[in-house]
Amino acid sequence: MKQIKTILLVAVATLITSAFTFKTDKGYKVGDTIEDFKLKNIDNSMVSLSEYEDAKGFIIIFTCNMCPYSVANEDRIIALDKKYKAKGYPVIAINPNDPKASKGDGFEDMKVRAKEKGFTFPYLFDEGQKVFPKFGATKTPHVFIVSKPNMKVEYIGAIDDSSRNADAVSEKYVENTVDELLAGKKPTVTKTRAIGCSIKVDKNAGY
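Calculation criteria
Residues numbered from 1 in each chain as written. Predicted model: local features only at pLDDT ≥ 70, side-chain atom pairs only at ≥ 80, totals over all residues. Heavy atoms only, no water. Buried < 20%, exposed > 50% of the residue type's maximum accessible area, 1.4 Å probe, protein only. Helix = DSSP H or I, 4+ residues; strand = E, 2+ residues; numbered from the N terminus. Pairing = 2+ DSSP bridges. Arc of directions from axis to C-beta. Contact = heavy atoms within 4.5 Å. Disulfide = S-S within 2.5 Å. Phe/Tyr/Trp six-rings, centres within 6.5 Å; stacked < 30°, edge-to-face > 60°. Lys NZ or Arg CZ within 6 Å of the ring centre and 35° of its normal.

Undergrad: Teacher, can you tell me more about the pairing of strand E8 (residues 152-157) here?
TA: Consecutive residues of a regular strand have side chains that alternate between opposite faces of the sheet. In terms of residue burial, E8 counts as a mostly covered element, since 5 of its 6 residues are buried. Bridging between strand E7 (residues 142-147) and E8 involves 5 bridges; their strand directions are antiparallel. Within E8, the residue paired with Val-143 across the bridge is Gly-157. Hairpin connection between E7 and E8: a loop of 4 residues separates the two successive antiparallel strands, and Met-151 in this loop has a positive phi of roughly 55 degrees.

Undergrad: Please clarify how helix H3 (residues 107-117) should be interpreted in this entry.
TA: What sets the pattern is the α-helix's 3.6 residues per turn: residues three or four places apart point alike. Listing the buried residues of H3 in full gives Phe-107, Met-110, Arg-113 and Ala-114. Buried residues along H3 cover an arc of 115 degrees about the axis, so they all sit on one side. Opposite the buried face of H3, at more than 90 degrees from it, the exposed residues are Glu-108, Lys-115 and Glu-116. For H3, the secondary structure elements touched by its buried residues are strand E1 (38-41), helix H2 (68-84), strand E4 (91-95) and strand E5 (123-125).

Undergrad: What's the story with the state of the cysteines in this structure? I'm lost.
TA: By definition, a disulfide links the sulfur atoms of two cysteine residues through a covalent bond. Summed over all chains, the structure comprises 1 disulfide. Across the disulfide from Cys-67 sits Cys-197; the S-S distance is 2.1 Å. Disulfide Cys-67 to Cys-197: torsion about the S-S bond roughly 85 degrees, handedness right-handed. With Cys-67 in the loop between strand E3 (57-62) and H2 and Cys-197 in strand E9 (residues 197-198), the pair connects residues that are 130 residues apart, well separated along the chain. For Cys-197, a relative accessible area of 15% puts it in the buried group. Of all cysteine sulfurs in the structure, the one in Cys-67 sits closest to Cys-64, which takes part in no disulfide; the separation is 5.0 Å.

Undergrad: Can you help me understand the packing of aromatic side chains in this one?
TA: Pairs of aromatic rings are described using the distance from one ring centre to the other and the angle between the two planes. Under the defined criterion, the tally for this structure stands at 9 aromatic pairs. A ring pair is formed by Phe-37 and Phe-135, whose centres lie 6.2 Å apart and whose planes are at 65 degrees; its orientation type is edge-to-face. With Phe-37 in the loop between helix H1 (2-19) and E1 and Phe-135 in helix H4 (residues 132-135), the pair connects residues that are 98 residues apart, well separated along the chain. Taking relative accessible area as the criterion, Phe-37 reaches 8% and is therefore assigned buried. Geometrically, the ring pair formed by Phe-62 and Phe-144 is edge-to-face, given 5.8 Å between the ring centres and 85 degrees between the ring planes. With Phe-62 in strand E3 and Phe-144 in strand E7, this residue pair connects regions lying 82 residues apart in the sequence. By relative accessible area, Phe-144 is classed as buried at 1%. Joined through ring pairs, the aromatic side chains of Tyr-28, Phe-37, Phe-62, Phe-135 and Phe-144 make up one cluster. The positively charged end of Lys-40 is found above the aromatic ring belonging to Phe-107, 5.2 Å away from the centroid. Sitting above the plane of the Tyr-69 ring, Arg-164 keeps its charged end 4.8 Å from the centroid.

Written as structure tokens, this is what we have:
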């Protein structure tokens, strides 16, 4: 009898977990071609990748206001944009969180945070959570490096190998990848584990 109860409890727990966990087997893989999107920026303009005619590619980062891992990486994200925007790889930051599920991650909160930190890049709001599932993003921060002209995914994962402490970084995954692409080389590392907070979703969204 105890064994049956245990099996039932495990089954219920599994169902609950699967109902509220975003499936990581979905979304773009390295080598895939991404679709363009149009999302609202903190200046209230609508931004799409097709507007960046002179770009060689993009450093797309799913991030947010409230996750400690995202906060710990904000200066690094700003530095990436400042270093690579002029070289043709601008940062495009996207907040994927549902503000109802993550207090402090609403659109107006994004404006405040961007001003406080002096963001040099678009900070887009994934309203209705339509974009992040296409990418298969699961964490904040979660990076996708895309190259033009084919909008090909070249790298998916973390910014570097020290998610919380910038002083402890020994391998800069994003910088290495973009440097290799700019040099006309294939990226040596194409996928790493994104470490951060889970993306906060509407429990009725069905992800």
